[in-house]
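An overview of the molecular structure
So the chains spell out like this:
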Amino acid sequence: AQSVTQLDSQVPVFEEAPVELRCNYSSSVSVYLFWYVQYPNQGLQLLLKYLSGSTLVKGINGFEAEFNKSQTSFHLRKPSVHISDTAEYFCAVTDYGGSQGNLIFGKGTKLSVKP
Amino acid sequence: DTGVSQNPRHKITKRGQNVTFRCDPISEHNRLYWYRQTLGQGPEFLTYFQNEAQLEKSRLLSDRFSAERPKGSFSTLEIQRTEQGDSAMYLCASSLTRNVYEQYFGPGTRLTVT
């Protein structure tokens, strides 16, 4: 079974500063990894995903994440955040090669960008 | 492509009542998923459909819960004899079978059981 730990429940940051949202996972099998964003009163939107290939994955809105198998991590980064990045971010995992696609989510990190 | 829609967006019900939620996926998507999100938690998988077939159910889905996708298009999730612990956001997502890792989520239905 897989599990996901998001190490910070809340991350406050000033506008134009860099940010890193941390995610660690646990699994006995190889996994696929995802980051989703949830704006207030909206559904989840896929930011980026790691399925295979380069361990540095670029997503939408200037976000990127790096898959580190030895540390079982998939941290999300952005070099300069905007007020509009204020949202809740969820890390998720699923079985490598599984056909079901059901995702296991972390508890989320609320990013608050201050002017 | 109008995205995934869910109705109603909010539902308040009294304990013991039955409720039904509807999800309309993106039209060409043959996979449909239901998740539940409680306060302070990430979404938890409940069940999924491949066309009209329900292929997997989480142990979270007690016998008071039932989901259907009768014609392989929209889906309904019914909760019978609601309990206060059922209060949550119920999320629906859809995808193509050939790309199950790109799921599109609806805005959710927020259920409050009083």
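Keep in mind the model is a prediction, meaning the values are calculated, not measured.

Description of the pairing of strand E6 (residues 44–50) of chain A
Residues and elements named next belong to chain A. With 5 of its 7 residues buried, E6 lies for the most part within the structure. Two strands pair when backbone bridges link them, and strand E5 (residues 31–38) and E6 are joined in this way by 6 bridges, in the antiparallel orientation. Bridge pairing in E6 links Trp35 to Leu48. Where E5 hands over to E6, the hairpin turn is made up of 5 residues, of which Asn41 adopts a positive phi near 60 degrees.

Some remarks on the state of the cysteines
Per the stated rule, a full pass over the model turns up 2 disulfides over all chains. The side chain of Cys23 of chain A participates in a disulfide bridge whose partner is Cys91 of chain A; the two sulfur atoms lie 2.0 Å from each other. Because the sign of the S-S torsion sets the handedness, a value of about -65 degrees for the bond joining Cys23 of chain A and Cys91 of chain A places this disulfide among the left-handed ones. Within this pair, whereas Cys23 of chain A is found in strand E4 (residues 23–26), its partner Cys91 of chain A is found in strand E10 (residues 87–95), the two being separated by 68 residues in sequence. Here Cys23 of chain A falls in the buried class, since its relative accessible area comes to 0%. Disulfide pairing places Cys23 of chain B opposite Cys92 of chain B at an S-S distance of 1.8 Å. Judged by the sign of its S-S torsion, about -65 degrees, the cystine formed by Cys23 of chain B and Cys92 of chain B is left-handed. A residue pair is termed long-range when its members are at least 10 positions apart, and Cys23 of chain B in strand E3 (residues 19–24) and Cys92 of chain B in strand E9 (residues 88–96) qualify at 69 residues.

Remarks on the interface of chain A and chain B
Counting residues at the interface gives 24 residues for chain A and 20 residues for chain B. Carbon and sulfur atoms make up 53% of the surface buried where chain A meets chain B, a total of about 1700 Å² over both sides. In terms of surface lost to chain B, no three residues of chain A exceed Leu44, Gln100 and Asn102 of chain A, which account for 26% of the buried area on that side. Connecting chain A to chain B are 1 salt bridge. As a salt-bridge pair, Lys49 of chain A and Glu102 of chain B come within 2.9 Å of each other at their nearest N and O atoms. Counting across the interface, chain A meets chain B through 5 residue pairs in polar contact (both at pLDDT 80 or more). Elements that contribute at least two residues to the side of chain A that touches chain B include exactly E5, E6 and E10 of chain A. Per-element tally for the side of chain A that touches chain B: the top contributor is E5 of chain A, with 4 residues. Here the side of chain A that touches chain B is composed, by residue class, of 9 nonpolar, 12 polar and 3 charged.

Quick notes on the sheet that holds E3 of chain B
Residue and element names in this part refer to chain B. Pairing in this open sheet of 4 strands is antiparallel, and the strands run E1-E3-E8-E7 from one edge to the other. Each of the sheet's edge strands pairs with one partner strand only, and the pair in question is strand E1 (5–7) and strand E7 (65–68). Between one strand and the next, the sheet's axes are offset by a mean angle of 15 degrees, whatever the strand orientation.

As for unusual backbone geometry
Note the cis peptide between Asn7 of chain B and Pro8 of chain B, where omega equals -5 degrees. For Pro8 of chain B, the position within the fold is in the loop between E1 and strand E2 (10–13). For Asn61 of chain A, which is not a glycine, the phi torsion comes out positive at approximately 60 degrees. Mapped onto the fold, Asn61 of chain A is located in the loop between strand E7 (56–58) and strand E8 (64–68). Judged by its relative accessible area of 38%, Asn61 of chain A falls in the partly exposed class. In this structure, Arg81 of chain B takes a positive phi of about 50 degrees despite not being glycine. Judged by its relative accessible area of 46%, Arg81 of chain B is partly exposed.

Points about the pattern of salt bridges
A full pass over the atoms with the stated rule returns 9 salt bridges over all chains. Three or more residues are tied together by salt bridges with common partners; here these are Glu20, Glu66 and Arg77 of chain A.

Considering the packing of aromatic side chains
Tallying each qualifying case throughout the model produces 16 aromatic pairs over all chains. Geometrically, the ring pair formed by Tyr36 of chain A and Phe105 of chain B is edge-to-face, given 5.4 Å between the ring centres and 80 degrees between the ring planes. Remark: Phe105 of chain B occurs in strand E10 (residues 99–105) and Tyr36 of chain A occurs in strand E5; the pair is interchain, linking two chains. Neither residue differs from the other here; Tyr36 of chain A and Phe105 of chain B are each classed as buried. An aromatic cluster of at least three residues, connected via ring pairs, comprises Tyr36, Phe90 and Phe105 of chain A together with Tyr33, Tyr35, Phe45, Tyr48 and Phe105 of chain B.

Analysis parameters
Residues numbered from 1 in each chain as written. Chains lettered and ligands numbered in written order. Predicted model: local features only at pLDDT ≥ 70, side-chain atom pairs only at ≥ 80, totals over all residues. Heavy atoms only, no water. Buried < 20%, exposed > 50% of the residue type's maximum accessible area, 1.4 Å probe, protein only. Helix = DSSP H or I, 4+ residues; strand = E, 2+ residues; numbered from the N terminus. Pairing = 2+ DSSP bridges. Disulfide = S-S within 2.5 Å. Contact = heavy atoms within 4.5 Å. Buried area = accessible area lost by both parts, 1.4 Å probe. Salt bridge = Lys/Arg side-chain N within 4 Å of Asp/Glu carboxyl O. Polar contact = N/O pair within 3.5 Å; in protein donor to acceptor, adjacent residues only side chain to side chain. Nonpolar A, V, L, I, M, F, W, Y, C, P; charged D, E, K, R; others polar. Axes fitted to C-alpha atoms, helices over the stretch in contact; angles between N-to-C directions. Phe/Tyr/Trp six-rings, centres within 6.5 Å; stacked < 30°, edge-to-face > 60°.

By themselves these figures say nothing about function.
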